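The chain contents come next:
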Amino acid sequence: MTLTPQRLAQDLVQAFGQAIYLDVTARRDLLSHLNPLQNQQMQGLVGFIEQGGDVAAARAVLAPAGAPRDSAQPLAEVLVAALAPVLSDASGFIRGSAGFEGLGWTMQQAAAPGPVMPEPPAGNWTLDDLAPRGGLVPGKVGFDAGTFTLQLTNDQPRHLAVYASFAKDGQTVDPAGWTSRLPVGVDPGFETATLKYIGILAPNAAVAGVAMPAGPQDLSLPLPDNADSLRLLFGGPGRGAGPVQALAAGMALSLVLDVFLPWVIVTLGQGGNAADAWLKTTLADPDTQAAVLVAATPLLHEQGAAPDMLAALGAQMTAMILDPALAPLCTALDKLLGPDHNGQTPSCTWSRQYAPGAGWAAQLLAALLPGGKIPGYWPATSAAAIPLVLAPNDSLSVGLAIMPDPVAGSWPFGADKMTARLDYGSGYSQSLTMDIPAQGAPLAFAFGSLRNAGPITASVAALSGSCTLARAEARLTPEPVGGARSVTGVATLANLAPTLSAGTTYSHQAALALRDGAFVWQTGAAAPSQVELHQSASGASVGALGPLRWQGGLHALAYSWQAMNQSIPDCGSGARLQAAWMAQTLGSVAPGRLYGYRKCGTPAQPFWAVDALMPPGAGDAAAYFLDTGTYVDRASQSVGLALVTLSGGRITPAQVIAGTFTLGSGLSDLAVHPAGVVAALGAADGRLQLLPLDAFGGTAPPALDFGGFGTMPGQLEMPVAIAALPQGGFLVLDAGRSQLAAFDLHGAALTLFSGRATVALDAGSGTQWLDLAVSPSGRIYVLGKAAAAASPADFTLSVLTPDGMVVSRTSGVAAARIAVDGAETLYALTYASLTGPDGILQPGLSQWVPHEA
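Residues numbered from 1 in each chain as written. Predicted model: local features only at pLDDT ≥ 70, side-chain atom pairs only at ≥ 80, totals over all residues. Heavy atoms only, no water.

### Structural notes on the sheet that holds strand S19 (residues 518-523)
As summarised here, the arrangement of the 5 strands in space is S19-S18-S45-S44-S43, forming an open sheet in which the pairing is antiparallel. The sheet is open, and its two borders are formed by S19 and strand S43 (817-820), each paired with just one other strand. Averaged over all neighbouring strand pairs, the angle between strand axes comes to 35°, with direction disregarded. Relative to strand S45 (residues 841-852), strand S18 (residues 504-515) runs antiparallel, the two being bridged by 7 bridges. Note that in S45 the partner of Tyr506 across the bridge is Pro850. (Pairing = 2+ DSSP bridges. Helix = DSSP H or I, 4+ residues; strand = E, 2+ residues; numbered from the N terminus. Axes fitted to C-alpha atoms, helices over the stretch in contact; angles between N-to-C directions.)

### Focus: the state of the cysteines
As enumerated under the stated definition, the model contains 1 disulfide in all. Here Cys571 connects covalently by a disulfide to Cys600, the sulfurs 2.0 Å from one another. Handedness of the Cys571-Cys600 disulfide follows from its S-S torsion of about 100°: it is right-handed. Taken as a pair, Cys571 in the loop between strand S22 (556-569) and strand S23 (576-587) and Cys600 in the loop between strand S24 (594-597) and strand S25 (606-609) lie far apart in primary sequence, 29 residues in all. Under the relative-accessibility criterion, Cys571 is labelled partly exposed at 33%. (Disulfide = S-S within 2.5 Å. Buried < 20%, exposed > 50% of the residue type's maximum accessible area, 1.4 Å probe, protein only.)

### Describing the packing of aromatic side chains
This structure, assessed with the given rule, holds 15 aromatic pairs. Look at Phe93 and Phe100: their rings are 5.5 Å apart centre to centre, the planes differ by 70°, and that puts the pair in the edge-to-face class. Residue Phe93 is classed as partly exposed on the basis of its relative accessible area, which comes to 23%. Residue Phe100 is classed as buried on the basis of its relative accessible area of 3%. Relative to Tyr197, the ring of Tyr163 lies with its centre 5.7 Å away and its plane at 80°, an arrangement referred to as edge-to-face. Taken together, the residues Tyr163 in strand S5 (residues 160-168) and Tyr197 in strand S7 (residues 195-201) connect sequence positions 34 residues apart. An aromatic cluster of three or more residues is present, and its members are Phe260, Trp263, Tyr354 and Trp360. Seen from the ring of Trp105, Arg95 lies directly overhead, with NZ or CZ sitting 4.5 Å from the centre. (Phe/Tyr/Trp six-rings, centres within 6.5 Å; stacked < 30°, edge-to-face > 60°. Lys NZ or Arg CZ within 6 Å of the ring centre and 35° of its normal.)

### Observations concerning the pattern of salt bridges
Enumeration over the complete set of coordinates arrives at 11 salt bridges. Linking Arg239 and Asp705 is a salt bridge whose minimum nitrogen-to-oxygen distance equals 3.5 Å. Taken together, the positions of Arg239 in the loop between strand S9 (229-235) and helix H7 (244-267) and Asp705 in strand S34 (residues 704-707) put the pair 466 residues apart, joining distant regions of the chain. No difference in accessibility class separates Arg239 from Asp705, as the two residues are buried. Asp705 serves as the salt-bridge partner of Arg687, at 3.4 Å between the closest nitrogen and oxygen. With a gap of 18 residues between them, Arg687 in strand S33 (residues 687-692) and Asp705 in strand S34 connect regions that are remote in the sequence. Just as Arg687 is buried, Asp705 falls in that class too. Through salt bridges with shared partners, a single ionic network connects Arg239, Asp685, Arg687 and Asp705. (Salt bridge = Lys/Arg side-chain N within 4 Å of Asp/Glu carboxyl O.)

### Quick word on unusual backbone geometry
A positive phi angle is found at Asp169, which is not glycine, with a value near 55°. Positionally, Asp169 belongs in the loop between S5 and strand S6 (171-173). A positive phi angle, close to 50°, is found at Ser738, a residue other than glycine. The class of Ser738 is partly exposed, set by a relative accessible area of 25%.

### Quick notes on the nonpolar core
Within the largest apolar cluster, 112 residues are counted, with the highest numbers of intra-cluster contacts made by Leu45, Phe190, Phe260 and Trp263. Top contributing element to this core by residue count: H7, with 17 residues. Excluding anything up to four places from it in sequence, Leu45 contacts Ala9, Leu79, Ala82, Leu83 and Val86. Counting 28 residues, the second largest nonpolar core, distinct from the first, contains Phe148, Ile198, Leu219 and Leu232. (Core = buried A, V, L, I, M, F, W, Y, C linked by side-chain atoms within 4.5 Å. Contact = heavy atoms within 4.5 Å.)

### Overview of helix H9 (residues 286-295)
Counting buried positions along H9 yields 7 of 10 residues, so the element is predominantly enclosed. Burial in H9 covers these residues: Thr288, Gln289, Ala290, Ala291, Val292, Leu293 and Ala295. In this structure, the buried side of H9 is in contact with S7, H7, helix H8 (273-284), helix H10 (306-321) and helix H11 (327-337).

### What about empty space enclosed by the protein?
On inspection of all chains with the given rule, the structure shows 4 cavities of 30 Å³ or more. Its volume calculated, the largest cavity comes out at about 170 Å³. If you go around the largest cavity, you meet 17 residues; those closest to its centre are Arg549, Trp550, Ala612, Ala723 and Val774. When residues of the lining of the largest cavity are traced back to their parent elements, those giving at least two are strand S21 (549-551), strand S31 (669-673), strand S35 (719-724), strand S39 (768-774) and S43. When grouped by side-chain class, the residues that make up the lining of the largest cavity number 15 nonpolar, no polar and 2 charged. In this structure, the second largest cavity encloses a volume near 80 Å³. As for the second largest cavity, its lining consists of Phe16, Gly17, Tyr21, Pro157, Pro237, Ser254, Leu255, Val259, Ala361, Leu365, Tyr377 and Trp378. Where the lining of the second largest cavity is concerned, the elements lending two or more residues are H7 and helix H13 (360-368). Ranked by the residues each element gives to the lining of the second largest cavity, the list is headed by H7, at 3 residues. A breakdown of the residues in the lining of the second largest cavity according to their chemical character gives 10 nonpolar, 2 polar and no charged. (1 Å grid on protein atoms, 1.4 Å probe; cavity = no way out; pocket = protein on both sides within 12 Å on 5 of 7 lines; lining within 4 Å. Points joined across faces, edges and corners; volume = space filled by probe spheres on them. Nonpolar A, V, L, I, M, F, W, Y, C, P; charged D, E, K, R; others polar.)

### Focus: the sheet that holds strand S15 (residues 456-464)
Two pairing modes exist for strands in a sheet, parallel and antiparallel, and in both the strands are linked by backbone hydrogen bonds. Read across the open sheet, the 5 strands follow the order S1-S13-S12-S15-S16; overall the sheet is mixed. The open sheet is flanked by strand S1 (114-115) and strand S16 (467-476), the only strands paired with a single partner. Both S1 and strand S13 (residues 428-435) contribute to a ladder of 2 bridges, which runs parallel. Paired with Gly114 across the bridge in S13 is Tyr428.

### Focus: H8
Helix length check: H8 (12 residues) gives 17 Å between terminal C-alpha atoms against 16 Å at 1.5 Å per residue, within 8%. Of the positions making up H8, those classed as buried are Ala275, Trp278, Leu279, Thr282 and Leu283. Taken down its axis, H8 places every buried residue within 120° of arc, on the same side. Along H8, exposed side chains directed more than 90 degrees from the buried face belong to Asn273 and Thr281. Residues of H8 that are buried sit in contact with H7, H9 and H11. (Expected span 1.5 Å × (residues − 1). Arc of directions from axis to C-beta.)

In structure tokens form, the structure reads like this:
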């Protein structure tokens, strides 16, 4: 049989994983979308085949004239290049269509944050609020009598190989008394002295349209006597690095069981109840999984990250399928498929006929994944080795002492109740209330079962009925993994922050000025005028403005701007730049203190990421600096994120980068969450990139991609600004859709707004949304302007509650960038020209304060 060019093109598309993971109806919809009469990309592929493109390997496997070869028949590079635009288009169509959810893509919903009932301190614990990561959904995690128990859902159509390493005081150890869990006959090289095989997670998502067991799957793991923590690694298809054992096991299992078997069944059109039942049983069969590991033994000699392992799989899959270890699997597959459509027994077995092309899916993924040509395909946004660290102090007991106002020395007059609230993790909280004694002795609150997910914010209020008389805040920092299970802190009552209501508007308070060679706030200064609303490129002036950030611990402001026609020396070469990006950090309360400043510039825009949620008085603090002209890998278009300490008055990025972001179509904003995640936003391509700073034990991992253009949940239209949320996660200003969108720290949609992950913005027809800021209290500030702004009155500042309700609006706040501090004071960056201490023109900076009408 000779396949027509169109049929051959269709069959090649269906050799790619995301197209295999469809039922009959969805596959028909995809092929209809790829009709060459209507689809330009498919038309190009069919034309390539008709014009004699190198398709010999494809025809030899899909329509063999005789006995197939025993060796792999890879697709020619020119054919892969011809397939690339078709697969990219198909991937985008699948990811953008609701009918493909659960088939060609899955959506992991973040655990809904909110209040948790306090529990008394106890030795054993259970947590059920862990967020999904890379398609792995933790249900409950418990610790009892030295043993961890986990309920896990593998919510993507792939197998995950589960491995564990153990540590004591941060140092990897050989677990005492460990008994290997490797199946009988599997090469011992699939684990090492310190990296132990735990088991396999079969998929809980549909594979080739066949519903798999919904899960969760149970896992039990004792903590060895010589360890205080363990790191679980879930290896499978994805991007990034990981131990070779985990990558070899997870990727081999996925490519053999979740891709090759469905591909043969789908290509032959032999689906049905019998095939569905067989596939469902086979994918979960431990003997079959062990046989795949035996056949995958040669992969243990591979080195490198996920693309290298995929390339090795593309070359070795045929040998694996024909390995004697998989003979029972191939025999069962041949028996299931039976004769061909004409009732004829094939000249050779079906498994042998399709084995030469078994590596095509891995070959295509290895070729397309690094270039970002298949952004909708799930491995592109999954880590190749998903980490999960467990320790007895994952659940904490907290003791909080409340001290009276140090000036008064007693509790507020008339206060009868004291409430203490702890906020932790991704928006979780616990609250306790007690009576206030007459004297001013400290009060003590005891909390139990808090998840150890970074700093804990303690908020205290002294009440008289429902009226708040005084407040206090403190940040508690638990010990690292493996440390003590208890944490203590002290909160001292202080004055209340200003409140905001429907009658609140913002008025101009002061402008940044230079006095005696130092910056000061000049009160009584006029607000920005009409001529200062837009950037200028003529003469010495201020050009584009970067994001404005407020750092809570130091009361500092960080920003960047473009100095035009001022002959600024290049920080790298010393050459003179006429469009130079400058950067500085100064005090928000005392602007005369420069925490960091560069007298030189760069051709590319730098970005700051500082912790706006850090409590005041925390002292010198770390900031992250992304300079798109430095640490750039031109081949991969990635840029390194560097650590900067805000002290000493200079900006000196560390030489060791914390991770990398992809430049893509350009970056527009950067934000950092105190839980240890940095987010980057691209307005031009709708991309949200998340970088867990400690995800791979101190190495510099690449950020993972989320978002992308589209109208489905988790997609963006034209995102222009991002901010960290004290409730947990990030908030994105999507100017293209006039809405705010919330994401958790793992890229999942976060339902913060009355059960929704988005909230619509409305300040009048044609509003252009400029910037976003979130205060430590969770209030949301959004800056917008009329499409053809001609005066300050055309600018509007909207203030929203943490749940997305508009509190107030103020017109006349003419600015390009904004930031907000802990006292709800607004800072606005404008195009006004201000001469700095060294004579360089820089943007104007204004201070706005809330005012009750």
